[in-house]
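The primary structure of each chain is shown beneath.
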Amino acid sequence: MPAPERIPAGPVTPAAPDALTLLTKGELTVLGQIREASNAVLHCEISYEGDSATCVYKPVAGEQPLWDFPDGNLARREVAAYEVSEATGWGLIPPTVLREGPYGEGMCQLWIEGAQDTGEDGALLALVEEPAEGEGPGDGWKPVVLAEVAEGRTALLVHADDIRLRRLAVLDAVINNGDRKGGHLLPAGDGRLYGIDHGVTFHVDDKLRTLLWGWAGEPLPDEALSVLEKLAAALAPGASLATRLAELVTTAELEALRERVTALRTTGAHPRPSGQWPAIPWPPV
């Protein structure tokens, strides 16, 4: 089988342990705007009591309307995704808070700075050019989709069979992430993996769109089942996580979140594409 063409996923530096205090209380200074984003994304410096860092500030005022999500609450969904991630104990999303900034209320998230290239061995995604019929991606890889890449040539998009990605796939299924692209995967120099951009999450309808379908239908690991049991308790009415989320998403969305956790525990398996919604985000990377 031809060797996969690796798609690098930019490495990052890990989050600071006191980041939440800094993000919540610090003074924001806008350094510039990230033009590639569909919504307003501002690169900022944040300072508090002699400490400073860089962060992303996404003001609600800069959100573009979406046909299937209410206006003006993508920032709150990003914070809700962080809260759920923290409840899993996996720490898959950089520290994220909701706060006032230079352009009003918005999401503020610790900036994950690119580090040195991880090289081919650290890649999370790859393309297998012109795979033979029935041929798999090889050890250490999970197939996602066969796609036409150029001039009638086909390639198999694959992702690494990596426990960090698998945890993120479970989190995405829980929060109903509608936009898990390759560019939203940030491996850190200390071996951790972060996911970013969680504005289109927590919808009551099945919106799961991801590149991490390689485990679809497979049994969930025991670790994931234990985490889901913990999440179910944390989401019970009156529990602290449920109380925090009730300020960020609607009552119906919070109930749908509970139902997704229950469904994953009942089936004991990674979800499959529903067939009612495009399963792969566009662009995929």
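In case you missed it, the structure is sitting above this.
Residues numbered from 1 in each chain as written. Predicted model: local features only at pLDDT ≥ 70, side-chain atom pairs only at ≥ 80, totals over all residues. Heavy atoms only, no water.

Some words on the environment of proline 137
As for its placement among the helices and strands, proline 137 is situated in the loop between β7 (125–129) and β8 (141–150). It is 9.4 Å that separates the C-alpha atoms of proline 137 and alanine 126, two residues lying 11 residues apart in sequence. (Helix = DSSP H or I, 4+ residues; strand = E, 2+ residues; numbered from the N terminus.)

Quick word on the nonpolar core
Counting 48 residues, the largest nonpolar core has Val84, Leu165, Val174, Phe202, Leu228, Leu245 and Leu257 as the members making the most contacts within it. Listing elements by their share of this core, those giving two or more residues are α2 (74–88), β7, β9 (153–160), α3 (163–175), α4 (222–234), α5 (240–245) and α6 (251–267). Once residues within four sequence positions are removed from consideration, phenylalanine 202 is found in contact with Arg77, Ala80, Ala81, Val84, Ile175, Asn176, Val249, Glu253, Leu257 and Arg260. Counting residues in each nonpolar core, the second largest holds 12 residues, with Ala19, Leu22, Cys55 and Val97 among its members. (Core = buried A, V, L, I, M, F, W, Y, C linked by side-chain atoms within 4.5 Å. Buried < 20%, exposed > 50% of the residue type's maximum accessible area, 1.4 Å probe, protein only. Contact = heavy atoms within 4.5 Å.)

Here we look at the pattern of salt bridges
Under the criterion given, the structure shown has 13 salt bridges. One salt-bridge network, in which partners are shared between bridges, spans Lys58, Glu78 and Asp197. (Salt bridge = Lys/Arg side-chain N within 4 Å of Asp/Glu carboxyl O.)

Focus: unusual backbone geometry
Positive phi values are uncommon outside glycine, yet glutamate 49 reaches one of about 50°. Within the secondary structure, glutamate 49 is located in the loop between β3 (42–48) and β4 (51–59). Classification of glutamate 49 by relative accessible area gives exposed; the value is 68%. Positive phi is not limited to glycine here, since asparagine 176 has a value of about 60°.

Considerations on the pairing of strand β6 (residues 104–110)
Summarising burial for β6: 5 of the 7 residues are buried, a large majority. Where β4 lies against β6, 5 bridges are found, and the strand directions are antiparallel. Bridging across to β6, lysine 58 finds its partner in methionine 107. As judged from the 6 bridges shared by strand β5 (residues 96–101) and β6, these two strands associate in the antiparallel manner. Each bridged residue has a counterpart across the sheet, and for glutamate 100 the counterpart in β6 is glutamate 105. (Pairing = 2+ DSSP bridges.)

Regarding α4
Over its 13 residues, α4 extends 19 Å from the first C-alpha to the last, a length consistent with the 18 Å expected when each residue adds 1.5 Å. Among the residues of α4, those classed as buried are Ala224, Val227, Leu228 and Leu231. Taken around the axis of α4, the buried residues stretch over an arc of 100°, which confines them to a single face. Seen from the buried face of α4, the exposed residues on the opposite side, beyond 90 degrees, are Asp222 and Ala233. Looking at the buried positions of α4, the neighbouring elements they touch are α2, α3, α5 and α6. (Expected span 1.5 Å × (residues − 1). Arc of directions from axis to C-beta.)

Thoughts on the sheet that holds β5
One open sheet holds the 5 strands; their spatial order is β2-β3-β4-β6-β5, and the pairing between them is antiparallel. Each of the sheet's edge strands pairs with one partner strand only, and the pair in question is β2 (27–33) and β5. Adjacent strand axes in the sheet meet at a mean angle of 40°, parallel and antiparallel pairs treated alike. Strand direction decides the pairing type here: β3 and β4, joined by 7 bridges, are antiparallel. Residue pairing across strands places glutamate 45 opposite threonine 54, the latter belonging to β4. (Axes fitted to C-alpha atoms, helices over the stretch in contact; angles between N-to-C directions.)

Let's talk about α2
When the terminal C-alpha atoms of α2 are compared, their 22 Å separation across 15 residues agrees well with the 21 Å that a helix rising 1.5 Å per residue should span. For α2, a buried count of 13 out of 15 residues is recorded, marking the element as mostly surrounded by other parts of the structure. A positive backbone phi angle near 85° is found at glycine 89, which sits one or two residues after α2.

With respect to the side chain of lysine 142
With respect to the helices and strands, lysine 142 occurs in strand β8. Judged by relative accessible area, which is 14%, lysine 142 ranks as buried. Side chain to side chain, lysine 142 and glutamate 218 meet in a polar contact 2.7 Å long. (Polar contact = N/O pair within 3.5 Å; in protein donor to acceptor, adjacent residues only side chain to side chain.)

These figures come from the coordinates and say nothing about function on their own.
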